[in-house]
Amino acid sequence: MANVRLDKVTKQFGAHTAVRDLSLDIADGEFFVLLGPTGAGKTTILRLIAGLDKPTAGRIVLGGEDMSDWTVAQRDVALVFQYYSLYPRYTVRQNLEFPLKSKVHSYSRAEIDERIERASKILRISHLLERKTDRLSGGEMQRVAIGRAIVREPRVFLMDEPLSNLDAKLREALRAELKDLQMKLGGTFLFVTHDQIEAMSMGDKVGVLNDGQIAQVGTPQEIYNRPRDTFVATFVGSPAMNLVPGDLAGGKVTAIDGKLVVPVNGHAGSAQAGGVTLGFRSEDIRVGPDEATEAVVHDVENHGVEQIVTLRIGGHLVKATVPANVPVTVESKVRFGVDAAKVHCFDAKTGVNLTAG
Amino acid sequence: MAEIVLRDVEKFFGENYVIRKLNLTIQNKEFVVLLGPSGCGKTTTLRAIAGLEEIDRGDILIDGKAVQNLPAGDRDIAFVFQLFALYPHLTAYENIAFPLRATGESRSQIDGQVRAVAKAIQIEHLLSRRPSQLSGGDMQRIAIGRALVRRPKAMLMDEPIGALDAKLREEMRTELKRLHLENDSTTVYVTHDQVEAMSLADRIAIMNEGVLQQVGSPTEVYRHPANLFVAQFIGSPVMNVTKASVQTSGAVASVVVGEGDGSFGFPSELPQKMAAASHGQGDFMLGIRPEGVLVSRQQAPGYVPVEAHIIEPLGAYDIVDLKVGRQFIRARTASGYVGKPGETVYARLDESQTHFFHPATGESLNISFGGA
Ligand SMILES: Nc1ncnc2c1ncn2[C@@H]1O[C@H](COP(=O)(O)OP(=O)(O)OP(=O)(O)O)[C@@H](O)[C@H]1O
Ligand SMILES: Nc1ncnc2c1ncn2[C@@H]1O[C@H](COP(=O)(O)OP(=O)(O)OP(=O)(O)O)[C@@H](O)[C@H]1O
Ligand SMILES: [Mg+2]
Ligand SMILES: [Mg+2]
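Residues numbered from 1 in each chain as written. Chains lettered and ligands numbered in written order. Predicted model: local features only at pLDDT ≥ 70, side-chain atom pairs only at ≥ 80, totals over all residues. Heavy atoms only, no water.

## Observations regarding the pattern of salt bridges
Residue and element names in this part refer to chain A.
Here's step 1: Applying the stated criterion across every chain, the model contains 40 salt bridges over all chains.
Here's step 2: Its salt-bridge partner being Arg-109, residue Asp-113 comes within 2.9 Å of it at the nearest N-O pair. Taken as a pair, Asp-113 and Arg-109 lie in helix α4 (residues 109–122) at a separation of four residues, close to a single helical turn.
Here's step 3: Judged by its relative accessible area of 43%, Arg-109 falls in the partly exposed class. (Salt bridge = Lys/Arg side-chain N within 4 Å of Asp/Glu carboxyl O. Helix = DSSP H or I, 4+ residues; strand = E, 2+ residues; numbered from the N terminus. Buried < 20%, exposed > 50% of the residue type's maximum accessible area, 1.4 Å probe, protein only.)

In structure tokens form, the structure reads like this:
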């Protein structure tokens, strides 16, 4: 196992810069989750580490050694692709055997069988071992692709949205299994996901990527509770954090045409008065008859356990999480307030969080 | 604009019995979401409707006409594949325009349609790129664009937005809903994302191992799952399920979970309700979602002491594993509500959110206590 370091890495495709002067440290044995919008450069980063692409500038260091000139095989990393690439004319078993037949390591027959058995049990594909891979469902293929990585003990596991095609229940189970496997092997994982719950529950560290650059690195809690700027604030968490323009003066923010007034704490309290962006998450809104601000219910989206209610205040829309058993009807009047301890205050121009400091 | 009827549809792959006597009617303009575990037959069902897979028995009717022997090209159905196949040698623009080639429309008409769709799904800036120069999410949106561009009678979509980030998915969800309302296309949509299912579907159809389990509105399947399978499939984190029995002493009823692992108070009508469901005092399977397990830090009437075992903070809320005897029951609490693992807290099962299932068949006993 090994730590991974990206040192001022840039990758250009023609005129397009996919990764921009990016530095990143992933500790040995760490479960590092990479989050970011489509096109942010996540797959590109994995491909650079795996050696499938060469950086335009910068170094990639693995276990202390610069591996810029190493071949894919020498790097000894396992990559699970976003769009799984299996050998279609071969069975699942054969697909799982290939990675064990490398020249770097040799395994006995018994060991190969044991590893295949262990991986297929973890992934719930034991019953499919003798099936050719072009006769599998999408989620089954995806699991075989993961299997090809976890039959080995590579220096680093790189996984590009490996669970995206699986149902919630299986996903929950495999999340736990992968995390378990990582703890057992002490493996270094770089894991790309679009799923915030996945990032929160699996990651030791989360790196949020935006347009080829790191926007923030931190524990899942730090990222969620203390987003560095409006990009991280609105990207992490669903529904996205509400942002409304406001004015800061005397430790208070006045927003939504004076209809919402919230005291702000932390560094923002002493920040210079002026225009700010006020941020608050949907779950930090209370809806009830005694709250200060009046709104009209604009839309209701049913999420089972809760409903996401879009509130309209003049020309502003704000999303609130309301328990499923609270009756709300579209176009009716309600009152709401926000939890002052949970609001964020961002610089109106730069988007930097003034609350988190 | 089409009604799709599946009548006793069966499909085998060799020995593998993949679709079992499937009966499902998708009404004109309806948006039906197909949900089910990996390998349960969702893609096969869509492929059968599209005509990409022959069925072994049964009928598929589109607007009352049996089409099972009609080639795919004559069914006027658009398909967004799970593993979207874009033409690698064509640009994004050409990929989207491709289905319009044979329509005989003028170049400027086609151009207008392609650009309108590209705008709706936010890919105008990518139109001149080839698939190899696109990220995964971009390719997925282009595949959707290609299906939307020709306004077909029916749309079949196999996890079309699964690989997009949450924010874009939220936007695409709204966009797909709007496009559906505008185009009036009957839509069958496969997804693994429950939020997507709950918010897009008129009705959700849940399959397991080729067998249809329940069809109903999102609220119905969430609040009144027909059996244990549906109960545990819908909702994340998964519904707690444990063996349980009823105990009465005088006018007080309680539910004992596991092998006497813990006892929770219930309304005194419980025994009558059990009897009315002709289930007497026997064991049953109790199901309760984490949000139905109410947690208090202080002692309160009806709450019993339990130990907080693991606390999993998920941002908007925490999931807390409560130790009840040798059992674990997961509860959903406000984030940071329970301080630390090992703490004693108090828990109650909200009767209005408790589900009762037959211990052998797993079918719902249809017992409920009003409220939610
Ligand atoms: N071979 C290439 N030629 C030109 N541009 C490319 C190439 N590969 C990727 N890009 C561009 O580089 C950017 C980053 O792509 P990448 O695949 O790393 O994104 P991603 O973060 O993995 O996105 P997604 O979540 O959609 O998979 C995108 O704008 C993409 O269009
Ligand atoms: N060509 C084939 N030959 C044999 N079996 C097949 C073939 N295609 C699919 N199967 C099997 O049929 C079953 C249903 O497959 P299908 O692709 O419909 O599943 P699915 O519900 O779409 O799953 P997923 O969510 O994983 O995509 C699976 O058990 C699969 O292994
Ligand atoms: Mg990618
Ligand atoms: Mg499928």
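## Looking at the nonpolar core
Note that soluble globular proteins tend to have their nonpolar side chains buried in a common cluster.
Here's step 1: Grouped together as the largest cluster of nonpolar side chains are 51 residues, with contacts concentrated most on Ile-150 and Met-159 of chain A.
Here's step 2: Ignoring sequence-local partners within four residues, the contact set of Ile-150 of chain A consists of Arg-118, Ala-119, Ile-122, Leu-123, Phe-157, Met-159, Leu-178 and Leu-181 of chain A.
Here's step 3: Val-80, Ile-96, Val-114 and Tyr-222 of chain B belong to the second largest nonpolar core, which has 48 residues in total. (Core = buried A, V, L, I, M, F, W, Y, C linked by side-chain atoms within 4.5 Å. Contact = heavy atoms within 4.5 Å.)

## Brief notes about the sheet that holds strand β12 (residues 252–255) of chain A
Hydrogen bonds between backbone groups are what pair the strands of a sheet, and the pairing can be parallel or antiparallel.
All names here are of chain A.
Here's step 1: An order of β13-β12-β11-β14-β20 is seen for the five strands of this open sheet, with the pairing classed as antiparallel. In this open sheet, the two strands that pair with only one neighbour each are β13 (260–263) and β20 (344–347). Averaged over all pairs of adjacent strands, the angle between their axes in this sheet comes to 40°, without regard to strand direction.
Here's step 2: Bridge count between strand β11 (residues 242–249) and strand β14 (residues 274–280): seven bridges; the pairing is antiparallel. Looking at the pairing, Val-244 lines up with Leu-278 of β14. (Pairing = 2+ DSSP bridges. Axes fitted to C-alpha atoms, helices over the stretch in contact; angles between N-to-C directions.)

## Section: the site of ligand 2
Here's step 1: With respect to spatial proximity, 19 residues lie near ligand 2, and among them Arg-131, Ser-137, Gly-139 and Glu-140 of chain A together with Thr-44 of chain B are the closest.
Here's step 2: Site remark: ligand 2 is flanked by residues from chains A and B.
Here's step 3: Contact distances for ligand 2 include 3.1 Å between an oxygen atom and a backbone N or O atom of Gly-138 of chain A.
Here's step 4: Between ligand 2 and the protein, one listed contact pairs an oxygen atom with a backbone N or O atom of Gly-39 of chain B at 2.8 Å.
Here's step 5: Calculation on ligand 2 without its partners gives an accessible area of 640 Å², and the protein chains cover 88% of this total. (Near = heavy atom within 4 Å. Polar contact = N/O pair within 3.5 Å; in protein donor to acceptor, adjacent residues only side chain to side chain. Areas by Shrake-Rupley, 256 points an atom, 1.4 Å probe, with all protein chains shown as cover.)

## Some remarks on the interface of chain B and chain A
Here's step 1: Contacts between the two partners involve 49 residues from chain B, matched on the other side by 46 residues from chain A.
Here's step 2: Together chain B and chain A conceal approximately 3,600 Å² of surface at their shared face, both sides included; 52% is due to carbon and sulfur atoms.
Here's step 3: Taken together, chain B and chain A are joined by eleven residue pairs in polar contact (both at pLDDT 80 or more).
Here's step 4: When contributions to the side of chain B that touches chain A are tallied by element, the ones reaching two or more residues are α4 (136–148), α5 (166–183), α6 (194–200), α7 (218–223), α8 (228–233), β16 (304–313) and β18 (327–334) of chain B.
Here's step 5: Looking at the side of chain B that touches chain A, its residues break down into 19 nonpolar, 17 polar and 13 charged. (Buried area = accessible area lost by both parts, 1.4 Å probe. Nonpolar A, V, L, I, M, F, W, Y, C, P; charged D, E, K, R; others polar.)

## Quick word on the domain arrangement of chain B
Accessible area lost upon the coming together of the parts is a frequently used measure of interface size.
Residue and element names in this part refer to chain B.
Here's step 1: Split by domain assignment, chain B resolves into domain 1 (4–233) and domain 2 (240–357).
Here's step 2: Centre-to-centre separation of domain 1 and domain 2, based on C-alpha positions: 40 Å.
Here's step 3: Between domain 1 and domain 2, the contact holds eight residues from the first and six residues from the second.
Here's step 4: Together domain 1 and domain 2 conceal approximately 610 Å² of surface at their shared face, both sides included; 61% is due to carbon and sulfur atoms.
Here's step 5: The largest share of the area that domain 1 buries against domain 2 comes from Tyr-222, Leu-228 and Ala-231, three residues that together contribute 67% of it.
Here's step 6: At the boundary of domain 1 with domain 2, the tally comes to zero salt bridges.
Here's step 7: Taken together, domain 1 and domain 2 are joined by two residue pairs in polar contact (both at pLDDT 80 or more).
Here's step 8: Elements with a contribution of two residues or more to the side of domain 1 that touches domain 2: α7 and α8.
Here's step 9: Here the residues of the side of domain 1 that touches domain 2 sort into five nonpolar, two polar and one charged. (Domains from an automatic or database assignment.)

## Quick word on the confidence of the model for chain A
Here's step 1: The predicted model of chain A has a mean per-residue pLDDT of 90, with 96% of residues at 70 or higher.
Here's step 2: Mean pLDDT values over the elements of chain A span from 85, in helix α2 (residues 72–75) of chain A, up to 97, in strand β10 (residues 213–218) of chain A. (pLDDT = per-residue confidence, 0-100.)

## Section: the pairing of strand β19 (residues 344–349) of chain B
Residues and elements named next belong to chain B.
Here's step 1: As judged from the four bridges shared by strand β15 (residues 293–296) and β19, these two strands associate in the antiparallel manner. The residue of β19 that forms the bridge with Ser-296 is Tyr-346.
Here's step 2: The pairing of β16 with β19 spans four bridges and is classified as antiparallel. Residue pairing in the sheet places Val-306 in a bridge with Val-345 of β19.

## Quick notes on the site of ligand 1
Here's step 1: Around ligand 1 sit 22 residues in total, of which Thr-38, Thr-43 and Thr-44 of chain A together with Arg-129 and Gly-137 of chain B are the nearest.
Here's step 2: At the site occupied by ligand 1, nearby residues are drawn from chains A and B.
Here's step 3: In the environment of ligand 1, an oxygen atom lies 2.4 Å from a nitrogen or oxygen atom belonging to the side chain of Thr-38 of chain A.
Here's step 4: Ser-132 of chain B is positioned such that a nitrogen or oxygen atom in its backbone is 3.3 Å from a nitrogen atom of ligand 1.
Here's step 5: Protein chains shield 88% of the accessible area of ligand 1, which is 640 Å² for the free molecule.
Here's step 6: Mapped by element, the contributors of at least two residues to the shell around ligand 1 are β2 (16–26) and α1 (42–50) of chain A together with α4 of chain B.

## So, the packing of α4 of chain B against α5 of chain B
A packed helix pair is summarised by two numbers, namely the angle formed by the two axes and the spacing between the axes.
All names here are of chain B.
Here's step 1: Remark: α4 packs on α5, axes separated minimally by 13 Å, with the N-to-C direction vectors making an angle of 5°. The angle between the axes of α4 and α5 places the two elements in the roughly parallel class. Here Arg-141, Ile-144 and Leu-148 of α4 lie close against α5, whose contacting residues are Leu-168, Met-172, Leu-176, Leu-179 and Asn-183. (Parallel < 35°, antiparallel > 145°, perpendicular 65-115°, else oblique.)

## Quick notes on the domain arrangement of chain A
All names here are of chain A.
Here's step 1: When its domains are assigned, chain A resolves into domain 1 (4–235) and domain 2 (242–347).
Here's step 2: Centre-to-centre, using C-alpha coordinates, domain 1 lies 38 Å away from domain 2.
Here's step 3: Across the contact, eight residues belong to domain 1 and five residues belong to domain 2.
Here's step 4: In total, about 580 Å² of surface goes out of reach between domain 1 and domain 2, with carbon and sulfur atoms giving 61% of it.
Here's step 5: Among the residues domain 1 hides against domain 2, the three largest losses belong to Tyr-224, Thr-230 and Ala-233. Together they make up 66% of the total.
Here's step 6: Connecting domain 1 to domain 2 are zero salt bridges.

## Remarks on the packing of helix α5 (residues 138–150) of chain A against helix α6 (residues 168–185) of chain A
All names here are of chain A.
Here's step 1: Two numbers describe how α5 lies on α6: the axes approach to 13 Å, and their chain directions differ by 5°. By the angle between their axes, α5 is roughly parallel relative to α6. Each of Arg-143, Ile-146 and Ile-150 in α5 lies in contact with α6, whose residues at this interface are Leu-170, Leu-174, Leu-178 and Leu-181.
Here's step 2: Its residues assigned to classes, the contact of α5 with α6 comprises six nonpolar, no polar and one charged.

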